[in-house]
Amino acid sequence: MTAFLIVLITLLAILLVGFITWFLAMKADGKCPLCMLKALGRKKLTIDIKKEPDYDNRVDGTPIMGWSSWNTLRNHISEEAILETAQAMVDTGLADAGYRYVNIDDCWQSSMRNADGMLQGDLESFPSGMEALCRKINALGLKMGLYSSNGTHTCEDLPASLGNEVLDAKTIASWGVEYWKYDFCHHQRLSGSTPIIEYLDLNQPGNHSQIKLTPRDAKFTGRAKIVKVKDLPSGKGIGFLNHAAGTATFTFDVAAGGTYILTIHNKKNLLNSRQYMQVLVNGKLHEAHFPAGRSFTPDARLQLTVTLKAGKNKITLCNPVVTPADSSYIQYKRMGQALKEASADWAAYTHREEKPITYSICEWGFAAPWNWGAKAGNMWRTTLDIFPNWRSITALYNRTIKLYRYASPGHVNDPDMLEVGNGKLTPEENKSHFTLWCMMAAPLVLGNDIRKLQDGSKKSAVILDIVTNKSLILIDQDPLVKPAKKIGKAGPIDIIARPLANGDTALCFFNKSGKTKPIDFDLNTLREDQYLQFERSATGYEIHDLWSDDRFTHDKIAVTIPKHGVKAYRISKG
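Right, let's walk through the structure included here. Computed from a prediction, not measured in an experiment: that's the story for all the values here.

**What to know about the pairing of strand S4 (residues 179-183)**
- In terms of burial, S4 is largely enclosed, as 5 of its 5 residues are buried.
- Going residue by residue along S4, you find Tyr 179, Lys 181 and Asp 183 tucked away on one face and Trp 180 and Tyr 182 tucked away on the opposite face as well.
- Pairing between strand S3 (residues 143-149) and S4: 5 bridges, direction parallel. Residue pairing across strands places Ser 148 opposite Tyr 182, the latter belonging to S4.
- Following the chain from S3 across helix H7 (residues 165-175) to the adjacent parallel S4, one finds a crossover that is right-handed.
- Sheet analysis places S4 next to strand S16 (residues 358-361), joined by 4 bridges and oriented parallel. Residue pairing in the sheet places Tyr 182 in a bridge with Ile 361 of S16.

**Considering the pattern of salt bridges**
- Under the definition given, this model contains 25 salt bridges.
- With a closest N to O distance of 2.9 Å, Asp 529 and Lys 485 form a salt bridge. Taken together, the positions of Asp 529 in the loop between strand S23 (517-522) and strand S24 (541-545) and Lys 485 in strand S20 (residues 485-490) put the pair 44 residues apart, joining distant regions of the chain. Across this residue pair, the class does not change: Asp 529 and Lys 485 are buried.

**Section: the nonpolar core**
- Core analysis: the biggest nonpolar cluster contains 108 residues, and Ile 82, Tyr 99, Ile 104, Leu 146, Trp 180, Phe 434 and Trp 437 have the highest contact counts within it.
- Looking at which element gives the most residues to this core, the answer is helix H8 (residues 324-350), with 8 residues.
- Discounting chain neighbours no more than four positions away, the residues touching Phe 434 are Tyr 99, Leu 418, Val 420, Leu 444, Ile 466, Val 467, Asn 469, Leu 472, Ile 473 and Trp 547.

**Description of the sheet that holds S24**
- Read across the sheet, 6 strands follow the order S20-S21-S22-S27-S24-S25 without closing on themselves; strand pairing throughout is antiparallel. Each edge of the open sheet is held by one strand with a lone partner, namely S20 and strand S25 (551-554). Across the sheet, the mean angle from the axis of one strand to that of its neighbour is 25 degrees, orientation sign disregarded.
- Pairing of S20 with strand S21 (residues 493-499), which is carried by 5 bridges, proceeds in the antiparallel orientation.

**Things to note about a positive patch on the surface**
- A contiguous patch of positive charge, built from Lys 27, Lys 38, Arg 42, Arg 223 and Lys 225, is present on the exposed surface.
- Mapped onto the secondary structure, Lys 225 falls in strand S8 (residues 225-228).

**Notes on the environment of Ser 328**
- Position of Ser 328 among the secondary structure elements: in helix H8.
- Taking the relative accessible area as the measure of exposure, Ser 328 reaches 2% and is therefore buried.
- Taking C-alpha positions, Ser 328 is 23 Å from Pro 63, a pair spaced 265 residues apart along the chain.
- The contacts of Ser 328, once residues within four sequence positions are left out, are Phe 184, His 187, Glu 363, Ala 367 and Trp 372.

**Re helix H12 (residues 458-467)**
- Residues of H12 that are buried: Ser 460, Ile 463, Leu 464, Ile 466 and Val 467. Relative to the axis of H12, the buried residues are bounded by an arc of 160 degrees and lie together on one face. Opposite the buried face of H12, at more than 90 degrees from it, the exposed residues are Lys 458 and Asp 465.
- Looking at the packing, one finds that the buried side of H12 touches helix H5 (94-97), helix H11 (427-439), strand S19 (444-446) and helix H13 (470-476).

**Some words on the packing of helix H4 (residues 79-91) against helix H6 (residues 130-139)**
- Interaxial distance between H4 and H6 falls to 10 Å at its minimum, and their mutual angle equals 15 degrees. Judged on the interaxial angle alone, H6 and H4 are roughly parallel. The chirality of how H4 crosses H6 is right-handed. Of the residues in H6, those touching H4 at Glu 79, Ile 82, Leu 83 and Ala 86 are Leu 133, Lys 136 and Ile 137.
- Its residues assigned to classes, the contact of H4 with H6 shows 5 nonpolar, no polar and 2 charged.

**Focus: the packing of helix H10 (residues 390-400) against H11**
- Two elements in contact, H10 and H11, have axes whose closest approach is 11 Å; the angle formed by their N-to-C orientations is 20 degrees. With respect to H11, the axis of H10 lies roughly parallel. H11 is crossed by H10, and the crossing has left-handed handedness. Across the interface between the two elements, Trp 390, Ile 393, Leu 396 and Tyr 397 from H10 touch Glu 429, Ser 432, His 433, Leu 436 and Trp 437 from H11.
- Residue composition of the contact of H10 with H11, by class: 6 nonpolar, 2 polar and 1 charged.

**Section: the sheet that holds S19**
- Pairing is parallel across the open sheet formed by 8 strands, whose spatial order is S18-S17-S16-S4-S3-S2-S1-S19. Sheet topology places strand S18 (412-414) and S19 at the edges, where each strand pairs with a single neighbour. Going across the sheet, the axis of each strand differs from the next one's by a mean of 25 degrees, ignoring polarity.
- The sheet strands contacting H6 are strand S2 (101-103) and S3, and the helix crosses S3 at an angle near 140 degrees.

Definitions and limits used
- Residues numbered from 1 in each chain as written.
- Predicted model: local features only at pLDDT ≥ 70, side-chain atom pairs only at ≥ 80, totals over all residues.
- Heavy atoms only, no water.
- Buried < 20%, exposed > 50% of the residue type's maximum accessible area, 1.4 Å probe, protein only.
- Helix = DSSP H or I, 4+ residues; strand = E, 2+ residues; numbered from the N terminus.
- Pairing = 2+ DSSP bridges.
- Right-handed = clockwise from strand over helix to strand, strands pointing away.
- Salt bridge = Lys/Arg side-chain N within 4 Å of Asp/Glu carboxyl O.
- Core = buried A, V, L, I, M, F, W, Y, C linked by side-chain atoms within 4.5 Å.
- Contact = heavy atoms within 4.5 Å.
- Axes fitted to C-alpha atoms, helices over the stretch in contact; angles between N-to-C directions.
- Patch = residues over 30% accessible without salt bridge, like charges linked within 9 Å, V, L, I, M, F, W, Y side chains within 5 Å.
- Areas by Shrake-Rupley, 256 points an atom, 1.4 Å probe, with all protein chains shown as cover.
- Lys, Arg positive; Asp, Glu negative; His and termini not counted.
- Charge placed at Lys NZ, Arg CZ, Asp CG, Glu CD.
- Arc of directions from axis to C-beta.
- Parallel < 35°, antiparallel > 145°, perpendicular 65-115°, else oblique.
- Left-handed = near helix turned anticlockwise from the far one by under 90°.
- Nonpolar A, V, L, I, M, F, W, Y, C, P; charged D, E, K, R; others polar.

The values reported here are purely geometric and, on their own, carry no functional implication.
Put into C-alpha cells, the structure is as follows:
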C-alpha cells in the first residue's frame with residue numbers, strides 16, 4: 001500500500017468519525033440531522049405559500065412614480081434639500097406627470113432612538129422632525145417615503161428595524177409616511193435550528209402555573225417526537241422540530257379568555273448559537289428567538305404574550321426555516337404585516353382616511369423574492385443596486401425581463417431606480433433606459449438631482465422630455481400590470497411586448513449593440529404568443545410611435561434602430 005493511499009484512508013476515516021460524532025451529537029441535542037443535511041446547498045423557498053393570500057394593503061395597483069434621495073444626496077442629506085427637491089418636482093411639472101413620491105433613503109435617521117425606543121430624524125439635519133416634514137411634503141400634493149433595513153443596522157450603519165418592526169411601523173404611520181423601503185444590510189438569517197422544548201406554562205399576569213403543557217400532551221407530525229434528555233429536570237422534551245422536520249400541537253381548554261404569558265421551558269443549545277421557533281396560537285403567528293448563551297445551566301426559559309379564548313385553544317410549535325429564502329420570506333412578511341396593521345390602526349385611531357404604506361422589499365434578488373414577494377409586499381428588488389452606466393442598465397434589464405409572469409396589480413418587479421440624467425449616459429441610452437423600465441411595468445423612481453432641471457439648459461430639457469413622455473408613462477401605468485415579455489430576437493435586437501388593459505399591445509425593439517441595426521417586423525406574428533392575447537386585424541393595425549408621436553396604419557414595421565437605442569409603439573386594431 002502506497003503512502004498516498006494510507007494518507008487518503010486515514011483522512012476518510014477521520015471524516016467518517018467526525019461525521020458520526022456530529023450526527024450523534026445532533027440527535028442528542030434533539031435535532032434531526034438528516035433534515036439539516038437536506039438544507040445544505042438549497043436556496044429556494046421551501047415554505048408552501050400557495051394558499052397564502054396576496055399582500056393587500058389597499059395601495060394603487062400600478063407601479064409607484066417618484067424620486068429617491070440616494071443617488072443625489074447619499075449621506076449628505078437634509079430637510080432643506082428634501083424640501084427643495086419636492087418643490088422642484090412641482091415646479092418642473094414632474095408631479096403633474098405622475099411623480100408623487102419623495103422617498104428619503106438611508107441617513108435620514110438619528111443614530112439614537114428616542115427615550116421611547118422610536119426612530120427619529122437626524123437631530124441636526126432634520127430639525128423640524130419627520131412628521132412636520134411629511135406635512136410640508138403633503139401640502140405640495142406629494143407623498144413622503146422613508147427607509148430602513150431588515151437587519152441590525154442600515155447600510156450606513158444607522159438604527160434599523162429588525163426586532164422593532166411593529167414599533168417602527170406604528171411610528172412612520174403616525175407621521176403620515178406612504179412608502180417604506182426595507183433594505184438587506186446587516187441581515188441576520190433566521191436559524192433552522194430549534195431547541196428541545198421541555199414543557200409550556202400558560203399564566204394570566206399575576207397568577208402562576210395555571211396551565212402546564214407537557215410533551216405527552218402533544219400530537220406530532222413529521223419527525224417531531226419526544227426525546228430523552230438527561231440534563232433536563234423532567235428527563236424528556238420535544239425534539240426534531242428543526243428545519244421543517246415536524247410539528248407539535250397542543251389542544252387545551254381555558255376557563256377565561258384574555259392575555260396570557262406563555263413560558264417556553266427549553267434546553268440550551270450545545271453549539272451556543274441562536275435558534276428559532278414559530279408558535280401558532282389559534283392560528284396567530286408568534287416568533288420565539290432563542291439567544292446564543294453560556295451553558296452554566298442546562299435549561300432556560302423564554303416568554304411570549306399571547307391571547308387565548310374561553311374554551312378550546314390550539315398551540316402549534318414548528319420551525320419552517322430550511323433555506324435562506326425561507327428566512328427572508330418570514331422576516332420581510334413580518335415587516336409587511338406590521339405596516340399594513342399600523343396604517344389601518346392609525347386611521348381608526350385618528351378617524352382619518354387611511355394612508356396605506358407602499359412596501360418595497362429591497363432584498364437584492366438573493367432569495368428570488370419574485371417567487372414570494374406578492375405574498376409579502378408591493379414591490380421587490382430583482383437585482384443589486386443600479387449604476388449610471390450602460391452595462392449596469394442592460395444587466396438589470398436582462399434579469400428583470402424574464403420575470404414578467406410574477407407581476408400583478410399591487411405587486412411589481414423592481415429593477416431599481418432610474419439613472420436617467422446621471423453619469424455619462426447618452427440621450428439615446430437615457431431614452432432606452434426609460435422605455436425599458438416602462439415596458440417592464442417597473443416603478444419609475446427618479447435618481448437624478450431634480451433641482452438642476454430648472455436651470456434652463458438644453459440637457460435638462462431633454463431629460464425632462466424623456467421622463468415626462470406621457471405615452472410611455474401610460475404604458476408603465478397600465479392597470480393590467482402585465483410586464484413586457486421577450487418574444488423574439490433579430491440579431492442583437494430584443495423584441496419585447498406587453499398586453500394592455502384596453503386590448504392594445506405595447507411593442508419595443510431594443511438594439512443592444514454598438515451599431516445601428518435595421519429590423520423588418522410583421523405584426524401578425526404577435527398572435528403567436530398567448531401572453532399577448534393579440535387579435536388579427538383584416539385592415540391593418542393603427543401604430544403609434546411613442547417617441548416621435550407619429551401615427552400610421554400598417555401590418556408591418558420596418559425601422560432602423562440606433563446603437564443602444566429603442567423604438568417603441570402602441571399597436572391597436574384598425
